Amino acid sequence: MRVLVCGVGYRFLRDNAVGVWVTDTLAPQASNGIEFEDLGYHPVGFTQNLSERPPYDRIVFVGSADRGREPGTITTLRYDHVLPEATEIQERVADSVTGTISLDNLVIVAEAFKALPEDVWIVEIEPADETWGDGFSPTIEAKLPEIMETVWSLTKP
Amino acid sequence: MCFKNLPIEFDAAGNATLKPGVANPYSYVETPAPTPIEDDPARMRELFARNGAVRRVDFDPVTRVAGALAFHTVVDLENRQVMETASMATLFRGYEIILKGRDPRDAIFISSRACGVCGGVHANTSALACEMAFGIHPPPLGITARNIMQAVEYLYDHPIHLSLLAGPDFSEPAVRETNPEIWERALSTRTTGRAKHGYEYMAELMTDLTPLTGKLYLEGLYYTRLAREAYVLIGGKYPHPQTVVPGGVSTTIDASDLNEIMLRVIKYFDYGRKTAAIWDDLAAFFYEVNPKYRQIGTRPKSMIEPGQWDDPYSFDGTYQNCDDWGRRRWAPPGVIVDGQLVTTSLQMLNAGVEEFVEHAFYEEWTSGDNPRFPTDPAGNPLSPWHPWNKETIPKPTATSWKEKYSWSTAPRWDRQAMETGAYSRIWAAAQTGTGYRESNHIHSTGHSIQVNLPKAALPNEPIEWKVPETWGAFERNRARAYCILYTAAIAYDNLLLAYDLIRKGGPDAKMSTPYKIPKDHRMGVGLWGAGRGYLTHHMEMDNGVIENYQILTPSTWMASPKDPFGNPGPYEEAVLATPLLENYEKPEDFKGIDVLRAIRSFDPCMPCTTHLHMDDRTITREIISCACGAEGPHEH
């Protein structure tokens, strides 16, 4: 089983960097079947890169997403491949090629260009602090072991 | 004499001096901004009584632009006029504050994050500022490698705009929705550029501009990939390169790397010819349908262009010699006022720049007298409002169209609003004529640029971009389209030069030069044209760290709010002059396509993807709620 774990977000924006921190930290545990990738680059580029690789059986995206939940909430979703309206997809593509990195942009753009496998999981972390700086908020810091465990468990069949 | 409004004159030797005998020569009396319509109840009542079709239309956010731009208008839908405009940069960049007190080399990597499209050019411009301050410059191959990187960066930038951002405004769905009569005409109108782009009828071409499914849209995506692939062969990463350092490039390249880049650049020969033909046809078709399309986004032909792509044997990194090495660039610097090139001097270009904050969310940092730096390092007068004298003091307040309404300052050159972009680059090159870096593939006639590249799949028929008689949205897009082939020619020139330098070896084939960070007080400026136009990084350093760092981007020039002299910024001015030509029967049907075409033709880039905390207010990028479908959410 080939699994790709993608860390999404901006470094130096505190909790926003949690996704890339997870993949940085887990990268030494990569094996033949499990790959970790820093997706701090734009979704169209990722989509194009995916199209040239052997297909993955599963892709796991991990990153922060501010959706008004209790900070530190970890939400695990299995993607159902439902896309928004074409107008929104188009706006997401424009947002992506002009440099905006976000979980939503990644998933929508990659799906719109049919780059994703059937089995896609999203691990969202509700941030407490996305201001400029290194390190995490205490809330997210305390949740790091749980986040790691959640992501690692999704690399298993 | 290039200045009309600044208190600068020139002596017999051509040296710039302040006009004598004038106390506080740069001081000015602010012209009050006109009262916004919605703040004037009597005028509101009068307008509505006379014409019920006057309404406020806000484009917030303006989509298909990079970053956060909002645009306020008051339109008269009956008379098809725009009555009032205000351009709002809605987020704060703040890099100037982040960079204070840091090692100047950090600026290369941090400032690169100012933009997700043109991060490479920020890194490059920052390196130029460091080199000027350190007193170093790269060896010829280092300069050539940077030139190649910058050229392929623009080969990424221009297709993004033409295919993915502006192109959809001229696609079948957009035209059918806003002007069905034009679509009907497109069905039977033959193109003139079929030999280059392959479309017999305009409707076929417009169908292929359709977002997500159109061949031209998808082809644009493909070409953004090719350019990124070429860039990372030297830069390591894109858009935030890892190899741009003071004194050159921190990697090695060989003929094999150049071959890889060349394979990709050559593909732009045909793509450039094809894209120019497409935008020629689009402009000709819309002008034929209705000559008023020439007025979409029109404003004075006033532009500022620092130039780019240094001659490896002329560039010495000094401010004292920047007029000479600037004029030797492949794309020469220039300031164009009302269509005429008034200077090609980088020192005069720099000396004429001021930034005003009367209508921006910043505090004034000067009363206009006793600037910290009354002159630049070459002795030319500097305004208290010049970037070297500027301090960034954010002061968020409530939005008021009459007072403060934008995070963009109002940059002006000789106190005039300027636009900048791929078109200012080709315009300055066209009017400069001879004298700048010679190329076997580019020829300036004084009123046009001819590009003649080897044959690829299409015949090697030269293309010629001519300085246009009228100026507006279609001409901006057309010029940008021609810049693909123009840029490919410069990439090709530099690749050939790099092969030659590597073959000859020796000191010229080194990629970087050693340096030490000086501990005394130094000044530096990077002057470069980004894909989207003017970019400067002004730096002051002391004790080995940054004292002040000021970034002035293309979008700051063009998204600018009104200035203290009562002049609107370029977007505001262009939209005010835009006739509303879309087809609507009732106000509710109004889509604002002509306003959006005008704004998007500038290729707005509002670097904004960084959050910043300041005092008691957190300014964050707006988070868009999840639109992706999901099943079985588990929260813990």
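Up top is the structure.
Calculation criteria
- Residues numbered from 1 in each chain as written.
- Chains lettered and ligands numbered in written order.
- Predicted model: local features only at pLDDT ≥ 70, side-chain atom pairs only at ≥ 80, totals over all residues.
- Helix = DSSP H or I, 4+ residues; strand = E, 2+ residues; numbered from the N terminus.
- Contact = placed C-beta atoms within 7 Å.
- Expected span 1.5 Å × (residues − 1).
- Buried ≥ 20, exposed ≤ 12 C-beta atoms within 10 Å, placed from the backbone.
- Pairing = 2+ DSSP bridges.
- Axes fitted to C-alpha atoms, helices over the stretch in contact; angles between N-to-C directions.
- Right-handed = clockwise from strand over helix to strand, strands pointing away.
- Parallel < 35°, antiparallel > 145°, perpendicular 65-115°, else oblique.
- Left-handed = near helix turned anticlockwise from the far one by under 90°.

Novice: Would you explain the overall build of chain A in this entry?
Specialist: Within chain A, the secondary structure is distributed over five helices and five strands. Based on the C-alpha atoms only, the size of chain A along its principal axes is roughly 40 × 35 × 25 Å. Put simply, 79% of the contacts in chain A that link residues at least 6 apart link residues at least 24 apart.

Novice: I would appreciate a short explanation of helix 5 (residues 140–165) of chain B in the present structure.
Specialist: Over its 26 residues, helix 5 of chain B extends 36 Å from the first C-alpha to the last, a length consistent with the 38 Å expected when each residue adds 1.5 Å. In terms of residue burial, helix 5 of chain B counts as a mostly covered element, since 26 of its 26 residues are buried.

Novice: Is there a simple way to think about the sheet that holds strand 19 (residues 545–552) of chain B in this case?
Specialist: Strands belonging to one sheet form pairs held by backbone hydrogen bonds; the direction of such a pair is parallel or antiparallel. Residue and element names in this part refer to chain B. Reading across from one edge, 17-18-19 is the order of the three strands in this open sheet, with antiparallel pairing throughout. With partners counted over all chains shown, the strands left at the sheet margins are strand 17 (522–530) and strand 19, one partner each. Pairwise comparison of adjacent strand axes, ignoring direction, gives a mean angle of 15° for this sheet. Across seven bridges, the pairing between strand 18 (residues 533–542) and strand 19 is antiparallel. If you follow Thr536 over to strand 19, its bridge partner there is Leu552. Contacting strand 17 and strand 18, helix 4 (residues 119–134) crosses the sheet at an angle of about 150° to strand 17.

Novice: I keep staring at the sheet that holds strand 6 (residues 81–89) of chain B and nothing clicks. Help me out?
Specialist: Residue and element names in this part refer to chain B. Ordered by their spatial adjacency, three strands build an open sheet running 3-5-6, and the pairing between neighbours is antiparallel. Pairing within the sheet leaves two strands with one partner each, and these edge strands are strand 3 (54–59) and strand 6. Shown here is a sheet whose adjacent strand axes are inclined to one another by a mean of 15°, direction ignored.

Novice: Is there a simple way to think about the pairing of strand 2 (residues 34–38) of chain A in this case?
Specialist: Within a regular strand, the side chains alternate between the two sheet faces. Residue and element names in this part refer to chain A. As judged from the five bridges shared by strand 1 (residues 3–8) and strand 2, these two strands associate in the parallel manner. Opposite Gly7, over in strand 2, you have Asp38 as the bridge partner. Handedness of the crossover joining strand 1 and strand 2 through helix 1 (residues 18–26): right-handed.

Novice: Help me understand unusual backbone geometry in this model?
Specialist: Glycine aside, residues mostly have negative phi angles, and peptide bonds mostly take the trans form. Across the junction of Asp60(B) and Pro61(B), the peptide omega takes the value 0°, indicating a cis bond. Position of Pro61(B) among the secondary structure elements: in the loop between strand 3 and strand 4 (66–67). Note that the residue after Tyr238(B), namely Pro239(B), is joined by a cis bond; omega there is 10°. With respect to the element layout, Pro239(B) can be found in the loop between helix 10 (215–235) and strand 7 (244–245). You will see that Phe12(A), though not glycine, has its phi angle at about 65°, which is positive. Mapped onto the elements of the fold, Phe12(A) is located in the loop between strand 1 and helix 1. At Arg415(B), a residue that is not glycine, the phi angle is positive and equals roughly 60°. Relative to the assigned elements, Arg415(B) resides in the loop between strand 13 (410–413) and helix 14 (422–432).

Novice: What's the story with the packing of helix 10 of chain B against helix 11 (residues 255–289) of chain B in this structure? I'm lost.
Specialist: How two helices pack is summed up by the angle between their axes together with the distance between the axes. Residues and elements named next belong to chain B. Between helix 10 and helix 11, whose axes approach to 9 Å, the crossing angle comes to 155°. Taken together, the axis directions place helix 10 and helix 11 in an arrangement best described as roughly antiparallel. For the pair helix 10 and helix 11, the crossing hand works out as left-handed. Across from Tyr223, Leu226, Glu229, Ala230 and Leu233 in helix 10, the residues of helix 11 making contact are Asp257, Glu260, Ile261, Arg264, Val265, Lys267 and Tyr271.

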